[in-house]
Amino acid sequence: MYLIAEIGQAHEGSIGIALAYIDSLAQTGVDAVKFQVHIAEAESSIHEPFRVKFSYQDKSRFDYWKRMEFSLDQWKLLKARCEEKGVEFLASPFSNAAVDLLEEVGVKRYKIGSGEVTNFLLLEKIAKTGKPIILSSGMSSFLELDKTVNFLKEKNAVFSILQCTTAYPTLPENYGLNVINELKERYNVTVGYSDHSAKIETCIAATAQGAEILEFHAIFDRRSFGPDATSSLEIDEINQLVKAVRNISYSLKHPVNKSDNSKFTALKNIFEKSLAVNKDLTLGHQLSFDDLETKKPKGYGIAAYKFGEVIGKTLKKELSQWEFLTEKDINKD
């Protein structure tokens, strides 16, 4: 299981806040801390509308992306902090210029956002690096994904795909957990889940469905400023999530053989029961269902599952209330 905590723009353009996120997320046990690399001039224009009109300090989304930029040296500082804290520095580029920057920073792999799945120019640029790709499928139909997958295969790219619903926050009816296995069957690649629900159970369910990569947005407080705050997990929630999915992932690698219950022999002898009688009974009494009870432990009387075999049989001796019923107590005929 590979766990990605996405900071995105939660740093609000502050290198100090970005470093604080790395420090906090590294303590949760995630594998990677992810950023988004936006170079306003290369990817946007003054005509780009806001996805969510949240900012009164930015006149346009172009201005917002400009405010989110870091310098090359700052990106190198963030990568160095990730390495110091034992997490992988991961980033999503949104332009070819951003790929050039990330190559200078020195990334191990690339994450492709949902809006870039059909951006073959960007995919070509990334494929040429020879580095693994994690592809989010949020806004793409299978027909579009087929074209992208074929393109990446032609480039001999190593890639995985994340089921993702591009809705902030994502409601339960739109999680698309069923798509995880559909992606596996269709493309025969590693599949994961990118979440925007702001609920830990979504990634837990995705893990149980077979997701091998999880991505989720991180925020110090969902009441924070920013377009992704309401669809993010807080640090304490990420702590809980990491523990849960690690356990589930481990369990899925250790399937239980339900045909073999030999390790429960000692417990079965304690918990399973023997037949007993629930009242004083006389010699020759014909046993009925209403005469019977079951008592622990197993092995002191006839096995409970054999109760039908004793009904109608007669007693060879008197029995006291709550006494175990054994084979030697009943006539065979």
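Since this is a predicted model, take the numbers as computed values, not measurements.

(A) Focus on the packing of aromatic side chains. Overall, the coordinates contain nine aromatic pairs when judged by the stated rule. Taking the centre distance of 3.9 Å and the plane angle of 10° together, the rings of Y21 and F220 count as stacked. Here the residue Y21 occupies a position in helix 1 (residues 15–26), and F220 occupies one in the loop between strand 8 (213–219) and strand 9 (233–234), the gap between them amounting to 199 residues. A centroid spacing of 5.7 Å and a plane angle of 80° characterise the contact between F35 and W75, whose relative ring orientation is edge-to-face. In this pair, F35 is assigned in strand 2 (residues 32–37) and W75 in helix 4 (residues 72–85), connecting sequence segments 40 residues apart. As far as burial versus exposure is concerned, F35 and W75 are alike and both buried. Ring pairing ties together the aromatic residues F35, F70, W75 and F89, which thus form one cluster. Residue placement shows K295 over the ring face of F324; its charged tip is 5.3 Å from the ring centre.

(B) Seen up close, the UniProt feature "domain: AFP-like" (unreviewed entry) in the protein chain. Feature annotation in UniProt places "domain: AFP-like" (unreviewed entry) on residues 274–333, given in this structure's numbering. Span residues 274–333 is 7% helix and 13% strand, its end C-alpha atoms 21 Å apart.

(C) Highlighting the pairing of strand 7 (residues 191–195). For strand 7, the buried fraction is high: five of the five residues fall into the buried class. Burial along strand 7 is two-sided: V191, Y193 and D195 and G192 and S194, pointing in opposite directions, are all buried. Two elements, strand 6 (residues 159–164) and strand 7, share four bridges in a ladder whose sense is parallel. Looking at strand 7, one finds that Q163 is bridged to Y193. The parallel pair strand 6 and strand 7, bridged by helix 8 (residues 179–187), forms a crossover whose chirality is right-handed. With three bridges connecting them, strand 7 and strand 8 associate as parallel partners. By the bridge assignment for strand 8, S194 is matched with E215.

(D) Molecular detail of the domain arrangement of the protein chain. Under the domain assignment used here, the protein chain contains domain 1 (2–253) and domain 2 (262–324). Relative placement of domain 1 and domain 2: their C-alpha centres are 63 Å apart.

(E) Geometry of the nonpolar core. Counting residues in each nonpolar core, the largest one holds 66 residues, and the members touching the most others are L25, V30 and F89. With residues near it in sequence (within four places) discarded, F89 still touches V33, F35, W75, L78, K79, C82, L102, V105 and V107.

About the cut-offs
Residues numbered from 1 in each chain as written. Predicted model: local features only at pLDDT ≥ 70, side-chain atom pairs only at ≥ 80, totals over all residues. Heavy atoms only, no water. Phe/Tyr/Trp six-rings, centres within 6.5 Å; stacked < 30°, edge-to-face > 60°. Helix = DSSP H or I, 4+ residues; strand = E, 2+ residues; numbered from the N terminus. Buried < 20%, exposed > 50% of the residue type's maximum accessible area, 1.4 Å probe, protein only. Lys NZ or Arg CZ within 6 Å of the ring centre and 35° of its normal. UniProt positions renumbered as here; feature names shortened; annotations may be inferred. Pairing = 2+ DSSP bridges. Right-handed = clockwise from strand over helix to strand, strands pointing away. Domains from an automatic or database assignment. Core = buried A, V, L, I, M, F, W, Y, C linked by side-chain atoms within 4.5 Å. Contact = heavy atoms within 4.5 Å.

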